[in-house]
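Per-entry structural report
Residues per chain are reported as follows:
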Amino acid sequence: MEDVRSLLDPFKKEAKFRDEVLAVYYKVEEDFESSEQYDDYLMEVEDMIHALCHGEDVLAVRAKLAEYKRKWGELSAVNRSRRAEGFKQVCAADERERLEFAQRCAEKLELEKR
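These lines cover the structure that appears in this document, whether it is placed above or below. (Residues numbered from 1 in each chain as written. Predicted model: local features only at pLDDT ≥ 70, side-chain atom pairs only at ≥ 80, totals over all residues. Heavy atoms only, no water.)

A short note on the nonpolar core
A general trend in soluble globular proteins is that nonpolar side chains are found buried together. Using the following cut-off: Among buried residues, those of type Ala, Val, Leu, Ile, Met, Phe, Trp, Tyr and Cys that are joined through side-chain atoms within 4.5 Å constitute a nonpolar core. A simple rule labels every residue: compare its accessible area, found with a 1.4 Å probe on the protein chains alone, to the largest value its type can have, and call it buried under 20%, exposed over 50%, or partly exposed in between. Helical segments are the DSSP runs of H or I of at least four residues, strand segments are the runs of E of at least two, and each set is numbered from the N terminus. Two residues qualify as a contact provided that any one of their heavy atoms is within 4.5 Å of a heavy atom in the partner residue.
Counting residues in each nonpolar core, the largest one holds 16 residues, and the members touching the most others are Val21, Tyr25, Tyr41 and Leu65. Those elements that provide at least two residues to this core are α1 (4–22), α2 (35–53) and α3 (58–113). For this core, the leading source of residues is α2, giving eight residues. Among residues more than four places away in sequence, those in contact with Leu65 are Glu20, Val21, Val24, Tyr25, Met48 and Leu52.

Right under this line is the structure:
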């Protein structure tokens, strides 16, 4: 029977390469003029991840990542910041909803006591 760790290794390897590529390729759909361009971009990202996972043209992929990072690094930083801000807004909204729910529950309990 194959060791569980050896079964997980390919997934860990892909996750590592996916994180590496997505740290550089961080555009969002709004950065493109059409859905087709965005789809092509996503395919390019997946092709690079596949190549790294399978040891295909690794030097070329790494050179492409370095060039892309040099060219688009500022946009990537803006998108990461935009995503983090969106996450903060969602968390704040969730917290407000939780507090409102707790307040309604407390009010309901108070009414039931009367």
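Observations regarding α2
Our working definition: By this rule, a helix spans an expected 1.5 Å times one less than how many residues it contains.
Across its 19 residues, α2 extends 27 Å between first and last C-alpha, which sits within 8% of the 27 Å expected from 1.5 Å per residue. Of the residues making up α2, those classed as buried are Tyr38, Tyr41, Val45, Met48, Ile49, Ala51, Leu52 and Cys53. Count one or two residues on from α2 and you reach Gly55, which has phi positive near 65°.

Overview of the environment of Val61
Mapping Val61 onto the fold places it in helix α3. The spatial distance from the C-alpha of Val61 to the C-alpha of Val21 is 9.5 Å, given a sequence separation of 40 residues. Those residues within four positions of Val61 in sequence are excluded, and the remaining contacts are Met48, Ala51, Leu52 and Glu56.

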